[in-house]
Amino acid sequence: MRRRVLGLVAVLTTIVAAAGCGSSDSGAGGSSSSGGDRTTRVKVGIIPIVDVAPLYLGQKKGFFGSRGIELDMVSAQGGAAIIPGVVSGQFQFGFSNTTSLMVAQVKGVPVRSVVNGAASNGKVGGDVTGVGVSKDSPIKSAEDLAGHTVAVNTLQNIGDTTVRESVRAAGGDPSEVEFVEIPFDQMPAALDDGRVDAAWMGEPAMTIAKARGARVVASPFAETDPKLTVATYFTSAQLAERDPGLVKRFAEAMTESLKYATGHPDEARQVLSTYTKIDGDVLAKLTLPGWPADVDMASLEKLAGLGERDGLFGDEKPDLEALFS
């Protein structure tokens, strides 16, 4: 697993170097004018999960359009894959879990969080992510995960770090958990086929798995911190310095979107059908995350501490104030 992190760092370093030698244009996807009003086309790297519903809802409600931003969302498997795209200029903004951003920062990758993305809803047994097992599994609790395989969408990241914390808190040995990397949408099938003993799933994968009989044995986010800031939207330091006005407009529109989604959960749920293949039954049952407008720094400090304990950052420590302020 350690080699995988070093490999990611090497890729990120190469991309940063290439970006530094690239064009010095605005970095935005393009612009068009109509009646004197300038519209900036912006590409946002996202993971097609429930957490990003406010982004799509904000687009639909015109929160971005009213600020001269035309959004183009591009899907990726995880935050670790989106970061290189943002740094290279492929995307102007990206959605990433906070551990991925910390790992990038300590390795010198120039990224800056600009606005909150998603948080735990704080409900153990009913959070937006959970560790599921098949209905006939002998695994009854997080402690029992020791000695078994657990699927996560990205190795050495927020999934396995928080799962280890759940195992540790339940009295198990987290070093005995074997993690394997599988995309979220393939996890229910992996459980059914017995390819893994358990899977750390987000929505809608969790609801799909539960419909097939899966049981939730751990809620790593809520068990780590009920107010855990899970993900944020971020940009490159280069774009933040070159076009602070665009960054400010994006952050303002996203903040309005988060507040609207929090106050209108039914609309947030319905917008999922525009970017995921979720049928009506699953849509009605899936669990929503928290969408606070502000990050919770105390929870990020705890998450950073877990990352240090798991060796994610090498000899460095993430500068949370510089990254998330």
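In case you missed it, the structure is sitting above this.
Only a predicted model underlies this, so the values are computations on that prediction, with no experimental measurement involved.

> What should I look at first to understand the sheet that holds strand 10 (residues 215-218) in this one?
The pairing of strands in a sheet comes from backbone hydrogen bonds and takes either a parallel or an antiparallel form. The strand order 8-7-9-6-10 describes an open sheet built from five strands, whose pairing is mixed. Edge strands, defined here as strands with exactly one partner in the open sheet, are strand 8 (178-181) and strand 10. Strand-to-strand twist across the sheet, computed as the mean angle between neighbouring axes with direction ignored, equals 35 degrees.

> Teacher, can you tell me more about the layout of surface pockets here?
Empty space among the atoms becomes visible once a probe the size of a water molecule is rolled across them. If you add up the space inside the largest pocket, you get close to 380 Å³. Pro48, Ile49, Phe184, Asp185 and Pro204 are the residues nearest the centre of the largest pocket, which is lined by 21 residues in total. Only helix 6 (187-193) and helix 7 (205-211) provide two or more residues apiece to the lining of the largest pocket. Among the residues making up the lining of the largest pocket, the classes are represented as 13 nonpolar, four polar and four charged.

> Mind showing me how you'd approach the packing of aromatic side chains here?
The way to describe two aromatic rings as a pair is by their centre distance and the angle between their planes. All told, the structure shown has eight aromatic pairs when counted by the stated rule. Each ring, one from Phe64 and one from Phe250, has its centre 5.6 Å from the other, and the planes form 50 degrees; the classification is tilted. With Phe64 in the loop between helix 2 (53-61) and strand 3 (69-75) and Phe250 in helix 10 (residues 244-263), this pair connects stretches of sequence that are 186 residues apart. The exposure classification of Phe64 matches that of Phe250, with both residues buried. Between Trp200 and Phe221, the aromatic rings sit 5.6 Å apart at their centres with planes inclined by 75 degrees, giving edge-to-face as the arrangement. Taken together, the residues span a long stretch of sequence, with Trp200 in strand 9 (residues 198-201) and Phe221 in helix 8 (residues 220-224) at a distance of 21 residues. Here Trp200 and Phe221 have matching classes, each one buried.

> Explain the pairing of strand 4 (residues 93-97) to me, please; I cannot follow it from the model alone.
Consecutive side chains of a regular strand alternate in pointing toward one face of the sheet and then the other. Counting buried positions over the five residues of strand 4 gives five, a clear majority of the element. One ladder, built from four bridges, connects strand 4 with strand 11 (residues 229-236); its direction is antiparallel. Looking at the pairing, Gly94 lines up with Phe234 of strand 11.

> How do you make sense of the pattern of salt bridges when you look at a structure like this?
Pairing between side chains of opposite charge can happen when their charged atoms approach one another. Enumeration over the complete set of coordinates arrives at 10 salt bridges. We note a salt bridge from Lys61 to Glu267, for which the minimum N-O separation is 3.8 Å. Separated by 206 residues along the polypeptide, Lys61 in helix 2 and Glu267 in helix 11 (residues 265-271) bring together distant segments of the chain. Relative accessible area serves as the criterion here: at 37%, Lys61 is assigned to the partly exposed category. Classification of Glu267 as partly exposed rests on a relative accessible area of 31%. With its nearest N and O atoms 3.7 Å apart, the salt bridge here joins Asp193 to Arg195. Given the relative accessible area of 54%, Asp193 is considered exposed. Judged by its relative accessible area of 49%, Arg195 falls in the partly exposed class.

> Would you mind showing me how to read the side chain of Asp160 here?
Among the secondary structure elements, Asp160 is positioned in helix 5 (residues 158-169). With a relative accessible area of 0%, Asp160 lands in the buried category. Here Asn157 takes part through its backbone nitrogen, which lies 2.8 Å from a polar atom of the side chain of Asp160. With residues near it in sequence (within four places) discarded, Asp160 still touches Val152, Thr154, Leu155 and Phe179.

> Could you clarify how one ought to interpret the nonpolar core in this entry?
Across soluble globular proteins, nonpolar side chains show a tendency to be buried alongside one another. In terms of nonpolar packing, the biggest core is built from 97 residues, with Val44, Leu55, Met102, Val111, Leu145, Tyr233 and Phe250 touching the most fellow members. Here this core gets nine residues from one element, more than from any other, and that element is helix 10. In this view, Val44 contacts Leu55, Leu71, Asp72, Met73, Val74, Phe93, Gly94, Tyr233 and Phe250; residues no more than four positions away in its chain are not counted.

> For this particular structure, what's the right way to read the side chain of Asp127?
You can see Asp127 is positioned in the loop between strand 5 (111-119) and strand 6 (130-133). Buried and unpaired, Asp127 has Lys123 as its nearest opposite-charge partner, separated by 8.4 Å. Excluding residues that lie within four positions of it along the chain, Asp127 makes contacts with Ser120, Asn121, Gly122, Ser219, Phe221, Ala222 and Thr287.

> Looking at this model, I keep getting lost on the packing of helix 5 against helix 13 (residues 297-309). Mind explaining?
Each pair of packed helices can be summarised by the angle the axes make with each other and by the distance between the axes. Contact pair helix 5 / helix 13: the axes reach a minimum separation of 10 Å and the direction vectors enclose 90 degrees. Overall, the two elements helix 5 and helix 13 adopt an arrangement that is roughly perpendicular. For the pair helix 5 and helix 13, the contacting residues are Ile158, Thr161, Thr162, Glu165 and Arg168 in the first and Lys302, Leu303, Leu306, Gly307 and Arg309 in the second. Tallied by class, residues from the contact of helix 5 with helix 13 come to three nonpolar, three polar and four charged.

Rules used throughout
Residues numbered from 1 in each chain as written. Predicted model: local features only at pLDDT ≥ 70, side-chain atom pairs only at ≥ 80, totals over all residues. Heavy atoms only, no water. Pairing = 2+ DSSP bridges. Helix = DSSP H or I, 4+ residues; strand = E, 2+ residues; numbered from the N terminus. Axes fitted to C-alpha atoms, helices over the stretch in contact; angles between N-to-C directions. 1 Å grid on protein atoms, 1.4 Å probe; cavity = no way out; pocket = protein on both sides within 12 Å on 5 of 7 lines; lining within 4 Å. Points joined across faces, edges and corners; volume = space filled by probe spheres on them. Nonpolar A, V, L, I, M, F, W, Y, C, P; charged D, E, K, R; others polar. Phe/Tyr/Trp six-rings, centres within 6.5 Å; stacked < 30°, edge-to-face > 60°. Buried < 20%, exposed > 50% of the residue type's maximum accessible area, 1.4 Å probe, protein only. Salt bridge = Lys/Arg side-chain N within 4 Å of Asp/Glu carboxyl O. Polar contact = N/O pair within 3.5 Å; in protein donor to acceptor, adjacent residues only side chain to side chain. Contact = heavy atoms within 4.5 Å. Core = buried A, V, L, I, M, F, W, Y, C linked by side-chain atoms within 4.5 Å. Lys, Arg positive; Asp, Glu negative; His and termini not counted. Parallel < 35°, antiparallel > 145°, perpendicular 65-115°, else oblique.

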